[in-house]
Structures are given as C-alpha cells and as structure tokens.
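For reference, the chains in residue letters:
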Amino acid sequence: MRTYKVIFHIDEMNKWQLLLSNVRNLLEAIENKTISIEVLANSEAVKYYDSTKNYDININDMVTLHGKGIKFVACNNAIATYKIEKDKIFDFVDIVPAGVLELVEKQSEGYAYIKP
Amino acid sequence: MRTYKVIFHIDEMNKWQLLLSNVRNLLEAIENKTISIEVLANSEAVKYYDSTKNYDININDMVTLHGKGIKFVACNNAIATYKIEKDKIFDFVDIVPAGVLELVEKQSEGYAYIKP
Amino acid sequence: MRTYKVIFHIDEMNKWQLLLSNVRNLLEAIENKTISIEVLANSEAVKYYDSTKNYDININDMVTLHGKGIKFVACNNAIATYKIEKDKIFDFVDIVPAGVLELVEKQSEGYAYIKP
C-alpha cells in the first residue's frame, strides 16, 4: 500500500476556499491509500486561523478535516507580523517558528508541494 | 543522457499564456535531453479546454505542443464543478479523477513541480 | 548536520517584498544548519533586477542577502522579452538561459520548491 505525503502552501486569504476544496477532493480520491496532508499558512493567510474574526470561514468544515487527520499549521513569523493573539487561534492549528523552513523540511522528507 | 520530468500546475484562467510560454521555453532549452512534460489544470483553469468557448486560446499551438509529447490533463472534479460537457473538451486532453492526486502522484515519481 | 536546498520561484513583480521576507525568515530559522537558497525570477519578475528602474527595490537588502550566500538568478528568455539591457542588470544577479529548466534541474538535484 502506497503512502502519500503532501504539503499545501497558502499565503493569500482569497485562496482558502480553493485550498479546502483541493484537500476535500484529495481525501475523496485516495480511497484506501494512506496519506499525510499538511496545510501550511504563512503571510496574510494566517489571519484565517484567527477565531475572533468572521471571515467566510467554515470552521466546522476545518474541524472535520482536522478530525480526518489533516494538519493545519501556522507560521509564527506571520502571526507576529499580523499581530494575532496566539490564544485566539483555533485549537486545531499547530504553530511552527518559520513557515518557509517547514516547507523545506517537509519536501526534504518526500512531501509533494502544492500551491493552490 | 538525463531525463527530466516536470508537471506544470494551473488553476487560474489568466495564467494560460504564461504557462504555454513556459512550456515552449522549456522545450527549446532541453535540446537533445529527453523530457516528460505534463500540464495539469484544475479549478477554473479547465475551462480553457472547452472547445465551445472562444477564449484567447491558440488551439493550433496547443495541438503542436501535444504533438511534441506534452500531456495536457484536466481534473474531473473541476469539469463537474464548471459543468463542462466532456465531449466538448479538446481531443488532446486527458482527464484524471482528481487533479490534486495527480500532482501528488507525479511528484512521488520524481516529477518537478512548477506553478506559473 | 543537515543541508537544506531550496529554490524560490517568482514570476510576478508584486511578490518581491513577500519573497525577500520569506528568504530573510528562512535564514533566521536555520540557525547553524547549512542551506543553499536560490531565487529564480522569470516572466515580468526579472524587471526587478533592472538597475535603471526605480521600483520599491531595497538594493542594499538584496546585496546583503547575496553576501550571505543567496543566489539571485534571472531567466534570459524573460530578459529578452522585457528588452532589459544585460549590462544594466545588478551585478549580483546570475543569468540562466531558461528559468523553467533551472527550476526543473534544481528540483532534480533535491531542491525544495517554494512559490510565494
């Protein structure tokens, strides 16, 4: 059985709907194969993780995806730049010190890279 | 002799001219090396494959590229979303069930990823 | 000690600030690990390398990054398309015949790909 690994990169707010749709399509397509999917947000895209804001976010949808094993990750540099309070970030989000380093490390571990 | 493999990803209609220019430049640059080039369109970019629409498409140019071995591929999820009739899609286009899975699989086979 | 390798791809003028910020963040994050970072500009993004233009360029900043080992590279096809005089391109910029081929070759050598 094949195990797939992929990291999705998002740095623009207006790409979130497309990205989440991409992730859902991928989950449906893999059937009984195993897969590791990580969503890495840096730059302005981290604002989507701010629970105090009311974007067009479908929080239930993201929680469901997280429950299916999707890892949602935020870049700490971007969190600082956009002055987001860390305790207001959704619980299902992990924080890494530098999003770009995460992108490099994951690819060096064999993850595919997709930028919607 | 080196064999290169690359998958181009496009999900925006306004990137097609740039993408086709990228593909032509790549073909010119490889000289006597062999290369596998695939163009994977998902999201709204699949509309460019619709033969009933009159975009700024240079169909002859795409047919020529296809004749040189370039694979043009469409995501079936996107075809359904944009309600494109499959028998109206250009003959030289292949359809895969999920574009994102194709991007993951090709990279796991050693394809480079380029998003113009 | 781990050696990271990454190629940043830029083909839009308005992404330069974000890209340079990404590079700075990556340099800060790697600490004592070694890293090879290349910035590959093609399409309109090569105009940022033109020393006769006055964009919002922070030339000192790019020179500093170059001094820290960052490689700035321009696609010769794009230079021709945008009619940039080669002797007006900043000294710290290398030119390759085809930017897309550079992206393919670097990834085949194990470089991660990031498109800000």
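Treat the numbers as computed from the prediction; the structure is a model and nothing was measured.

Cut-offs applied
- Residues numbered from 1 in each chain as written.
- Chains lettered and ligands numbered in written order.
- Predicted model: local features only at pLDDT ≥ 70, side-chain atom pairs only at ≥ 80, totals over all residues.
- Heavy atoms only, no water.
- Pairing = 2+ DSSP bridges.
- Helix = DSSP H or I, 4+ residues; strand = E, 2+ residues; numbered from the N terminus.
- Axes fitted to C-alpha atoms, helices over the stretch in contact; angles between N-to-C directions.
- Contact = heavy atoms within 4.5 Å.
- Buried area = accessible area lost by both parts, 1.4 Å probe.
- Salt bridge = Lys/Arg side-chain N within 4 Å of Asp/Glu carboxyl O.
- Polar contact = N/O pair within 3.5 Å; in protein donor to acceptor, adjacent residues only side chain to side chain.
- Nonpolar A, V, L, I, M, F, W, Y, C, P; charged D, E, K, R; others polar.
- Least-squares fit on C-alpha atoms with pLDDT ≥ 70 in both.
- Buried < 20%, exposed > 50% of the residue type's maximum accessible area, 1.4 Å probe, protein only.
- Right-handed = clockwise from strand over helix to strand, strands pointing away.
- Phe/Tyr/Trp six-rings, centres within 6.5 Å; stacked < 30°, edge-to-face > 60°.
- pLDDT = per-residue confidence, 0-100.

Undergrad: If you had to explain the sheet that holds strand β1 (residues 3-10) of chain B to someone new, which residues and values would you point to?
TA: Residue and element names in this part refer to chain B. Judged by pairing direction, the sheet is parallel, and its 5 strands sit side by side in the order β4-β3-β2-β1-β5 without closing on themselves. Every other strand in the sheet has two partners, leaving β4 (93-96) and β5 (112-114) as the edge strands with one partner each. Taking the axes of each pair of neighbouring strands and ignoring which way they run, one obtains an average angle of 30° across the sheet. Examined bridge by bridge, strand β2 (residues 34-41) and strand β3 (residues 71-75) share 4 bridges and lie parallel to one another. Paired with Glu38 across the strands is Lys71, a residue of β3. Where helix α4 (residues 99-108) meets the sheet, it contacts β1, β2, β3, β4 and β5, and its direction lies at approximately 160° from that of β2.

Undergrad: Before we move on, could you go through the sheet that holds strand β4 (residues 93-96) of chain C and cite the residues and values that matter?
TA: Residues and elements named next belong to chain C. Strand order in this open sheet of 5 strands is β4-β3-β2-β1-β5, and the pairing throughout is parallel. Here the strands that pair on one side only, and so sit at the sheet edges, are β4 and β5 (112-114). The mean inter-strand angle of the sheet, taken between neighbouring strand axes irrespective of direction, is 30°. Helix α1 (residues 16-30) rests against β1 (3-10), β2 (34-41) and β3 (71-75) of the sheet, and its axis sits at about 175° to β2. Strand contacts of helix α4 (residues 99-108): β1, β2, β3, β4 and β5, with the helix running at about 160° to β2, the strand carrying the most contacts.

Undergrad: Can you tell me about the interface of chain C and chain B, naming the residues and giving the values?
TA: Facing 17 residues of chain C, the contacting portion of chain B comprises 17 residues. When the two sides are added together, the surface that chain C and chain B hide from each other amounts to roughly 1,300 Å², 63% of it contributed by carbon and sulfur. Three residues, Val100(C), Leu101(C) and Val104(C), lead the burial of chain C against chain B; their summed loss comes to 38% of the area buried on that side. Run the count over chain C and chain B and you get 0 salt bridges. Where chain C packs against chain B, one counts 4 residue pairs in polar contact (both at pLDDT 80 or more). Looking at which element gives the most residues to the side of chain C that touches chain B, the answer is α4(C), with 7 residues. A per-class count over the side of chain C that touches chain B returns 6 nonpolar, 6 polar and 5 charged.

Undergrad: Before we move on, could you go through the relation of the copies chain C and chain A and cite the residues and values that matter?
TA: Superposing chain C onto chain A takes a rotation of 120° plus a shift of 0.0 Å along the axis, which leaves an RMSD of 0.0 Å. Seen this way, the second copy is the image of the first under a three-fold rotation axis. When the interface residues of chain C are mapped onto chain A, a mere 12% of them again lie at the interface, so each copy presents a different face.

Undergrad: Tell me about the pairing of β3(B), and please be specific about residues and values.
TA: All names here are of chain B. In terms of burial, β3 is a largely internal element, 4 of the 5 residues being buried. The pairing of β3 with β4 spans 4 bridges and is classified as parallel. Across the sheet, the residue bridging to Phe72 is Val93, located in β4. At this point the chain moves from β3, through helix α3 (residues 76-81), to the parallel β4, and the crossover so formed is right-handed.

Undergrad: Got a sec to walk through the environment of Asn76(A)? Specific residues and values, please.
TA: All names here are of chain A. Mapped onto the elements of the fold, Asn76 is located in helix α3 (residues 76-81). Taking relative accessible area as the criterion, Asn76 reaches 24% and is therefore assigned partly exposed. Along the backbone, Asn76 and Ala98 are 22 residues apart, and their C-alpha atoms lie at a distance of 6.0 Å. Residues contacting Asn76, with those up to four places away along its chain left out, are Lys86, Ile95, Val96 and Pro97.

Undergrad: Describe the relation of the copies chain C and chain B, and please don't skip the residues or the numbers.
TA: For the pair chain C and chain B, the superposition axis carries a translation of 0.0 Å, the fit reaches an RMSD of 0.0 Å, and the rotation angle comes to 120°. Looking at the interface residues of chain C, only 12% of them are also at the interface in chain B, so each copy uses its own face.

Undergrad: Mind laying out the packing of aromatic side chains, listing which residues take part and the relevant values?
TA: In this description, an aromatic ring pair is defined by two values, namely the gap between the centres and the angle between the planes. All chains considered together, the criterion is met by 15 aromatic pairs over all chains. Relative to Phe92(B), the ring of Phe90(B) lies with its centre 5.5 Å away and its plane at 5°, an arrangement referred to as stacked. Overall, Phe90(B) belongs to the buried group, its relative accessible area being 15%. Relative accessible area serves as the criterion here: at 8%, Phe92(B) is assigned to the buried category. In this structure an aromatic cluster arises from ring pairing among Trp16(A), Tyr48(A) and Tyr49(A).

Undergrad: How would you sum up the confidence of the model for chain A? Please name residues and give values.
TA: Residues and elements named next belong to chain A. Averaged over chain A, the pLDDT score is 94; the fraction of residues at 70 or greater is 99%. Strand β5 (residues 112-114) holds the highest mean pLDDT among the elements of chain A, 99, whereas helix α2 (residues 59-67) holds the lowest, 93. Complex prediction metrics read pTM 0.96 and ipTM 0.95.

Undergrad: Report on the environment of Leu18(C), specifying residues and quantitative values.
TA: Mapping Leu18(C) onto the fold places it in helix α1. Between the C-alpha atom of Leu18(C) and that of Val73(C), which follows or precedes it by 55 residues, the distance is 17 Å.

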